[in-house]
Amino acid sequence: MTEFTHTRLDGKKFTPDEVKDLIKQYNIKFIKLQFVDINGQVKNMSIPSEHIEKALNNEIMLDGSSIKGFRSIETSDMFFHPDINSFQILPWREHEGVNAARLICDIYNADGTPFEGCPRCNLKRVMENAEKMGFSMNIGPEAEFFLFSKDKDGNVTTKTQDHAGYYDVGPEDLGEDVRSDIVLTLKEMGFDIEASHHEVADGQHEIDFRYADILTAADNVTTFRIAVKAIAAKHNLHATFMPKPIFGINGSGMHCNISLFKDGKNAFYDEKAEYQLSETAKYAIGGLLKHVKSITAITNPTVNSYKRLVPGYEAPVYLAWSLANRSALLRVPAKRGISTRVELRSPDPSCNPYLAFAAILETCLDGIRNKIDPPAPVESNIYKLTTKERKKQRIDSLPGSLAEATDMLDKSLVAQAALGEHIFKEFMTSKKKEWDSFRTYVSPWELDRYLERY
């Protein structure tokens, strides 16, 4: 693999001349201009590297009418605006010394303004609102995934690669070599990998990378998903971030470790306060608990997401917060000082990270603006409480289906503020269509149960 990282030690951005020099030095023949649609699916236009000047001058166009949730056919001319510091060689694309690189792009209107339907531009908008309040947000996402075998014809199966469990080692953990290759590839790409291990379910894995500001973190999640799939394919395996691919075992989540900073200091930490959590932290927790049901369609955006969010498989279902209790939706890990953070445990890795992080930030800001006090922390095992006991303690539950979550999203002013008018409308339309397609589909479960009986 080509040894290259885009991370600069001086913290400065690349210059156009430096990018051009790297293209020559590493024999890069193609540049992939990457962006995501409203569902978080990565899209790209590949251009020969000799056109890099046009790309860096924001002169490359795309047809917005062909992208889900973007433009109508009569206003379809749009432009790529590359983030020059996202320039990165794609290690898995190397072939006989020829390389490809990528640039992550914002999408702009023909009049030179940011496109309100671009998820990355939208996240920047919410970040600017936070900056006006003096805050910036860091997020450390923990995305889980499954590795599945392929059949002799190369088709994807739901047969897991191994039957190992949490933190198991080889030979039970057959994913060690794949994870090692993924980690090495990610490190080449500038990721600071903190840990990797086998997860609870058969064939399930987790690789944790260092937290970052929410824009960089969203870029990292997008890159991570591409890299994991690409390296798995080289091992003749299929990696999936589908939340619940197999009935009866744990699903895959994407826990998000959240912290707000102000004036260079962690705004969640107060050495003299109860639990050493500042008022800002408690208001952010209050905002998250108040609005999390309304943004669940964003953080858990598929029909399948709600097959994971059920009791019995360690998934967070109940709306409570705690200091150590992993049965609560929100958990405050033990570290304090600059590491003080809140872990939101409900999101899953099928989400669009730009939209999910915008929604998480907006709920925290709303809690701070309106000084929303959270309830008392719950340190008992909520999974073992009866319905009556949960009701007595006023512990609510997350939505049970995409339909329920979408209804709550539709009524939420905070969610509308997080997504903006264009994305909110298009996202609602997309999710309602998805639910209607699922609702009217005749499944194998129904045929097995009803076809011969009736």
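Residues numbered from 1 in each chain as written. Predicted model: local features only at pLDDT ≥ 70, side-chain atom pairs only at ≥ 80, totals over all residues. Heavy atoms only, no water.

Below, the discussion takes up helix α5 (residues 214-234). Quick reminder: α-helices carry 3.6 residues per turn. Residues three or four places apart thus point the same way. For α5, spanning 21 residues, the distance from its first C-alpha to its last is 30 Å, which sits close to the expected 30 Å at 1.5 Å a residue. With respect to burial, α5 is a largely interior element, 16 of its 21 residues being buried. Of the residues trailing α5, N236 is marked for its positive phi of about 60°. (Helix = DSSP H or I, 4+ residues; strand = E, 2+ residues; numbered from the N terminus. Expected span 1.5 Å × (residues − 1). Buried < 20%, exposed > 50% of the residue type's maximum accessible area, 1.4 Å probe, protein only.)

We now examine the confidence of the model for the chain. Summary statistics for the chain give a mean pLDDT of 90 and a share of 95% for residues scoring 70 or more. Every residue in residues 1-10 is under pLDDT 50, and counting partners more than four places away or in other chains gives 33 contacts. (pLDDT = per-residue confidence, 0-100. Contact = heavy atoms within 4.5 Å.)

Remark: helix α6 (residues 279-299) packs on helix α8 (residues 353-369), axes separated minimally by 7 Å, with the N-to-C direction vectors making an angle of 140°. Between α6 and α8, the crossing angle belongs to the class labelled oblique. Where α6 crosses over α8, the two elements pack in a sense that is right-handed. Only L355, A356, A359, I360, T363, C364, D366, G367 and I368 of α8 make contact with α6, whose side of the interface consists of T280, Y283, A284, G287, L288, H291, I295, I298 and T299. Along the lines of polarity and charge, the residues of the contact of α6 with α8 split into 11 nonpolar, six polar and one charged. (Axes fitted to C-alpha atoms, helices over the stretch in contact; angles between N-to-C directions. Parallel < 35°, antiparallel > 145°, perpendicular 65-115°, else oblique. Left-handed = near helix turned anticlockwise from the far one by under 90°. Nonpolar A, V, L, I, M, F, W, Y, C, P; charged D, E, K, R; others polar.)

Glancing now at unusual backbone geometry. Of note, the phi angle at Y275 is positive, near 60°, even though the residue is not glycine. With respect to the secondary-structure elements, Y275 resides in the loop between β14 (265-266) and α6. Take Y275: its relative accessible area is 30%, and that puts it in the partly exposed class. Although it is not a glycine, Q276 adopts a positive phi angle of roughly 60°. Turning to its location among the elements, Q276 is positioned in the loop between β14 and α6.

Taken together, the side chains of V442, L447 and L451 define a hydrophobic patch exposed on the protein surface, amounting to about 290 Å² of accessible area. Its place among the elements puts V442 in the loop between α11 (413-440) and α12 (444-450). (Patch = residues over 30% accessible without salt bridge, like charges linked within 9 Å, V, L, I, M, F, W, Y side chains within 5 Å. Areas by Shrake-Rupley, 256 points an atom, 1.4 Å probe, with all protein chains shown as cover. Salt bridge = Lys/Arg side-chain N within 4 Å of Asp/Glu carboxyl O.)

Here the focus is the pattern of salt bridges. Between side chains of opposite charge, a pair can form when the charged atoms approach closely. Applying the stated criterion to the full structure yields 13 salt bridges. The closest approach of N and O atoms between R331 and E343, which form a salt bridge, is 2.9 Å. Note that R331 is positioned in strand β16 (residues 328-331) and E343 in strand β17 (residues 342-344), a separation of 12 residues in sequence. Judged by relative accessible area, which is 11%, R331 ranks as buried. For E343, a relative accessible area of 2% puts it in the buried group.

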